[in-house]
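Structural description and commentary
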Amino acid sequence: MSSWRNLLLRIGDKSSEYSSSSDFKDHIETCFGALRRELGHSSAEILSFLLQCAEQLPHKIPLYGTLIGLLNLEDEDFVKQIVENTQNSFQDALDSGNCDGIRILMRFLTALMCSKVLQPTSLVVVFETLLSSAAITVDEEKGNPSWQARADFYVICILSCLPWGGAELAEQVPEEIERVLVGIQAYLSIRRHTSDSGLSFFEDGESGGDVEKDFLEDLWERIQVLSSNGWKVESVPRPHLSFEAQLVAGKSHDFGPISCPEQPELPSTISAVAYGKQKHDAELKYPQRMRRLNIFPASKTEDLQPIDRFVVEEYLLDVLFRKECAAFMVGLPVPFRYEYLMAETIFSQLLLLPQPPFKPIYYTLVIMDLCKALPGAFPAVVAGAVRALFDKIADLDMECRTRLILWFSHHLSNFQFIWPWEEWAYVLDLPKWAPQRVFVQEVLEREVRLSYWDKIKQSIENAPALEELLPPKGGPNFKYSGADDQEKTEQEQALSAELSNKVKGRQSAREIILWIEENVYPIHGQEITLSVVIQTLLDIGSKSFTHLITVLERYGRVMAKLCSDQDKQVMLISEVGSYWKNNAQMTAIAIDRMMGYRLISNLAIVRWVFSPENIEQFHISDRPWEVLRNAVSKTYNRITDLRKEISSLKKSVVSAEEAASKAKADLEAAESKLTLVEGEPVLGENPTKLKHLKSVAEKTKEETVSMHDSLEAKEALLARALDENEVLFLSLYKNFSNVLMERLPDAPRDGTLQSLKSVNGDSMAVDIEEPSTMEVDDENERPKKSQSNGGKTTNGYNVREKEQWCLSTLGYVKAFSRQYASEIWPHIEKLDAEVFTEDAHPLFRKAVYSGLRRLSNEL
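The protein carries the name Nuclear cap-binding protein subunit 1 in an unreviewed UniProt entry, which gives Gossypium anomalum as its organism. Check the Sequence similarities (unreviewed entry) section of the UniProt entry for the protein; it says "Belongs to the NCBP1 family." Per its UniProt entry, the protein bears the Subunit (unreviewed entry) comment "Component of the nuclear cap-binding complex (CBC), a heterodimer composed of ABH1/CBP80 and CBP20 that interacts with m7GpppG-capped RNA."

**Describing the overall build of the protein**
The helix and strand tally for the protein stands at 33 helices and two strands. Along the first, second and third principal axes, the C-alpha set of the protein runs to 110 × 100 × 60 Å. Buried residues in the protein amount to 54% of all 859 residues. Taking all contacts inside the protein whose residues are at least 6 apart in sequence as the whole, residues at least 24 apart take part in 76%. Counting every atom, the protein has about 38,700 Å² of accessible surface; 49% of that belongs to carbon and sulfur. Charge separation in the protein, taken as the distance between the mean sites of 95 positive and 127 negative side-chain charges, equals 4 Å.

**Quick notes on helix α15 (residues 360-373)**
Quick reminder: α-helices carry 3.6 residues per turn. Residues three or four places apart thus point the same way. Between its terminal C-alpha atoms α15 stretches 20 Å, which fits the 20 Å expected from 14 residues at 1.5 Å a residue. Taken as a whole, α15 has its buried residues at Y363, T364, V366, I367, M368, L370 and C371. Tucked inside the fold, the buried residues of α15 contact α12 (306-320), α13 (325-329), α14 (339-350), α16 (378-391) and α17 (398-413).

**Section: empty space enclosed by the protein**
Empty pockets left among the atoms are what a rolling probe the size of a water molecule brings to light. Considering all chains together, one arrives at six cavities of 30 Å³ or more under this definition. Its volume calculated, the largest cavity comes out at about 200 Å³. Surrounding the largest cavity, 19 residues form its lining, M398, I405, V438, E442 and Y812 being those nearest its centre. Breaking the lining of the largest cavity down by element, the ones donating at least two residues are α17, α18 (435-450) and α30 (801-819). Of the residues in the lining of the largest cavity, the class split is 10 nonpolar, five polar and four charged.

**Things to note about the environment of V653**
By the secondary structure assignment, V653 is in helix α27 (residues 623-672). Overall, V653 belongs to the buried group, its relative accessible area being 6%. For the pair V653 and V705, spaced 52 residues apart in the sequence, the C-alpha separation amounts to 8.8 Å. Discounting chain neighbours no more than four positions away, the residues touching V653 are M707, H708 and L711.

**As for the packing of helix α20 (residues 490-504) against helix α21 (residues 509-540)**
For any two helices packed against each other, the geometry comes down to the angle between their axes and how far apart the axes lie. For the pair α20 and α21, interaxial distance at closest approach is 9 Å and the crossing angle is 75°. Comparing the axis directions of α20 and α21 gives the class roughly perpendicular. Of the residues in α21, those touching α20 at Q491, E492, L495, S496, E498, L499, S500, K502 and V503 are I512, W515, V520, H524, I528, V532, V533, T536, L537 and I540.

**Some thoughts on the pattern of salt bridges**
Under the defined criterion, the tally for this structure stands at 57 salt bridges. Two residues, D592 and K634, come together in a salt bridge whose shortest N-O distance is 3.7 Å. Remark: K634 occurs in helix α27 and D592 occurs in helix α24 (residues 584-596); sequence separation between them is 42 residues. Judged on exposure class, the residue D592 and its partner K634 are both buried. Close ionic contact of K734 with E834 constitutes a salt bridge, the shortest N to O distance being 3.3 Å. With K734 in helix α28 (residues 687-743) and E834 in helix α32 (residues 828-834), this pair connects stretches of sequence that are 100 residues apart.

**Examining the packing of α14 against α15**
Remark: α14 packs on α15, axes separated minimally by 9 Å, with the N-to-C direction vectors making an angle of 165°. With respect to α15, the element α14 is oriented roughly antiparallel. Crossing hand, α14 versus α15: left-handed. Residue-level inspection shows M342, I346, F347, Q349 and L350 of α14 in contact with α15, the latter providing P360, Y363, V366, I367 and L370.

**Points about helix α7 (residues 148-172)**
In the structure, α7 departs most strongly from a straight axis at G165, where the bend amounts to approximately 80°. Most of α7 is tucked away, with 22 of its 25 residues classed as buried.

**Brief notes about the environment of Y636**
Here Y636 shows up in helix α27. Along the chain, Y636 and Y820 lie 184 residues apart, while their C-alpha atoms are 8.0 Å from each other. If we skip the residues at most four places from it in the chain, Y636 touches Y820 and E823.

**Overview of the nonpolar core**
Generally speaking, a soluble globular protein has its nonpolar side chains buried in company with each other. Core analysis: the biggest nonpolar cluster contains 261 residues, and F347, W421 and Y733 have the highest contact counts within it. With 14 residues, α7 is the largest single contributor of residues to this core. In contact with W421, other than residues within four places in its own chain, are F408, L412, V440, V443, L444, E447, S459, I460, A463 and L466. Residues I646, L649, V653 and A721 belong to the second largest nonpolar core, which totals eight residues.

**Digging into the side chain of D308**
Within the secondary structure, D308 sits in helix α12. Within the buried core, D308 has no salt-bridge partner, and the shortest N-O distance to an opposite charge, that of R222, equals 9.2 Å. Aside from chain neighbours lying at most four places away, what touches D308 is V233, E234, S235 and F336.

**Quick notes on the packing of aromatic side chains**
This model, assessed by the stated rule, comprises 41 aromatic pairs. With a centroid separation of 5.7 Å and 75° between ring planes, the pair formed by Y362 and Y363 is classed as edge-to-face. Assessed through its relative accessible area of 22%, Y362 is described here as partly exposed. On the accessibility criterion, Y363 (0% relative accessible area) is buried. Taking NZ or CZ as reference, R107 lies 4.2 Å from the ring centre of W164, over its face. Sitting above the plane of the F202 ring, K392 keeps its charged end 4.2 Å from the centroid.

About the criteria used
Residues numbered from 1 in each chain as written. Predicted model: local features only at pLDDT ≥ 70, side-chain atom pairs only at ≥ 80, totals over all residues. Heavy atoms only, no water. UniProt positions renumbered as here; feature names shortened; annotations may be inferred. Helix = DSSP H or I, 4+ residues; strand = E, 2+ residues; numbered from the N terminus. Buried < 20%, exposed > 50% of the residue type's maximum accessible area, 1.4 Å probe, protein only. Contact = heavy atoms within 4.5 Å. Areas by Shrake-Rupley, 256 points an atom, 1.4 Å probe, with all protein chains shown as cover. Lys, Arg positive; Asp, Glu negative; His and termini not counted. Charge placed at Lys NZ, Arg CZ, Asp CG, Glu CD. Expected span 1.5 Å × (residues − 1). 1 Å grid on protein atoms, 1.4 Å probe; cavity = no way out; pocket = protein on both sides within 12 Å on 5 of 7 lines; lining within 4 Å. Points joined across faces, edges and corners; volume = space filled by probe spheres on them. Nonpolar A, V, L, I, M, F, W, Y, C, P; charged D, E, K, R; others polar. Axes fitted to C-alpha atoms, helices over the stretch in contact; angles between N-to-C directions. Parallel < 35°, antiparallel > 145°, perpendicular 65-115°, else oblique. Salt bridge = Lys/Arg side-chain N within 4 Å of Asp/Glu carboxyl O. Left-handed = near helix turned anticlockwise from the far one by under 90°. Bend = angle between axes of the 7 residues up to and from the residue. Core = buried A, V, L, I, M, F, W, Y, C linked by side-chain atoms within 4.5 Å. Phe/Tyr/Trp six-rings, centres within 6.5 Å; stacked < 30°, edge-to-face > 60°. Lys NZ or Arg CZ within 6 Å of the ring centre and 35° of its normal.

As structure tokens, this is what we get:
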């Protein structure tokens, strides 16, 4: 990489390119000198790379803005091109709904204004264009309020620019920026308050969510405080001030006009369902970037000004999208420590609902890198975060709980499974359904998957009693192993041995099917035949994942023949659960692979999950939920894949039609030409060329027909898959409704989850008041007081088993509704008519609506 590229990339960092200097002024002067020398013969490369750096490293935008301001003194045309390119990129981002592009480019424009490159009035026009679009969107008469998510996003983008340029705007165009702020206040007065219902990290946030400020209201309050403080921000560097005397001599450029896309039209029939569907689409396209997760006591971050917290969060979220993010995260351009805020921000992204921007494993790597980059500080902060979240685990959203379990087990696997388990040994005194006990149990089970049983047992040697929560050490539970002769007859064991020998002898699936139909089924009947065959084939495939796949590929037809209907498929899944009862991972893998090979349907899996033996595990184990998640996800992925294939085929059809049209035109043109053959005029070109053109025309026409046929076939498959999806969700929600109706107490319409927790609270009231936020020791982040369980004493958990079952199951109802909302909304009318009726339990409906983000006034 050339030296000027390195200088641009590393500006603001302590690096060899800048002789380890940390002075921003030195960096800018050094980089400017290098760019000035190259500008004459590499201007196009510099322009492209400079804009790329600003977009990819937005926490350095003030430095890049100042650099461009200095370049403006040397080459106005070059900088004018930067402004024009930025305007084009910004318009493209607006048209495509590229949220990160819009936000970052607006900050870049603000930095250009600070460096006298852009007219401040031009920036105000950008603000007012976005504000006008937002105001029209939420207008009940002129706009489409269901798209408030986009309107809010535009206003958040405007407010987000002010920490970077509010002081300059207030100084240079005070009346114009005041007009913008008045407009924002007017917008806030007509928009709807955004409820966090269904997306909050903690269940106890559901009831009071409408009272608290939403993200935009909170940011507006922070900006008002900033304004009253004279727009002073510690966390935003202002390097342009060091060059102010030079920059004022530069020419300020105008910014071309931009336009916001029109909001989708209101549906022809305005209804709560139509509003809900559009609102869901809007929130999907313009998601809220973050939700604050306040893990630590306020004392850990109380020195920060309100706006500084927002700015550091912006830096951290920007950097999370980049390579080498851990290195950038520990070197942000702020004059204070921010380890606690960094941990809260990363965990808020890991647990963000409805889904994090990246796969959870990415955050595992980021946290691991930060622990290595800051070995003296960050591991203790992470440990403190885990303890604080564990303390409130009973109130944590079920999906967040699952993510936390998966992250924590993976995190420990990268640090030799070291954790002071003795601190949590008290969970053994809690009932088996207590969330803290279940959390420890599930973390240990996941650790065993990532290592091996004896290693994990060794890791808990400081709390040996926790071995009780480890999964069983035993392997498969083969019914016909001969170890329990009294349970299974010799005849059944002989059948199993005979089948095993046939498989080892490489007999084909057809031969084995004939043997079963002639010698096994007529004598032993369906149940024994199915049990012997499935258990034996599973045992043959038990040595490894590869063995399992081989068995399913070779003898899947045998299973399919035996289990041709849903009832028998449920029996098949039960045999899998029985064989792998000591191994939840293999249970999930085997069922998932069988669904992949279409040996079992998703409806059969739903029925098995809601069988009595599994229902009893809903609140104490993730085992049935993992199987259900896999089944619904696989169904969803099939539909997603079909949509991608259809989209690709549509493009191919267009290309094929264009090619066919061109070939036909070429042929017609050739046929219409007059050519001389032996002195006589003849219609058409020479026969060889005509023959070739005819061949091309026929071939392209055939390809077009073939593409159309493929597209129709895929669209038919998608239509069938969507119909199957509707049946799946009807089955899933009917099962949820039925099991919950049997167990939930009678509740008023406005009942809450918290009312379940307090069903028997009076009889088991605690004597001491627990702190609302965990107090931690400054030295090592360990709790000062005895452990608590979301406000409950460690000597007992004051929610009875029946109520905990209901709480857990309702939590999963909400989680499934939220995760698959995009697939549920198209079928909502059918679900409303058949499942979410007035007869359904109010708490069940509330959980579903919360997951779907249906507001109470839409019900």
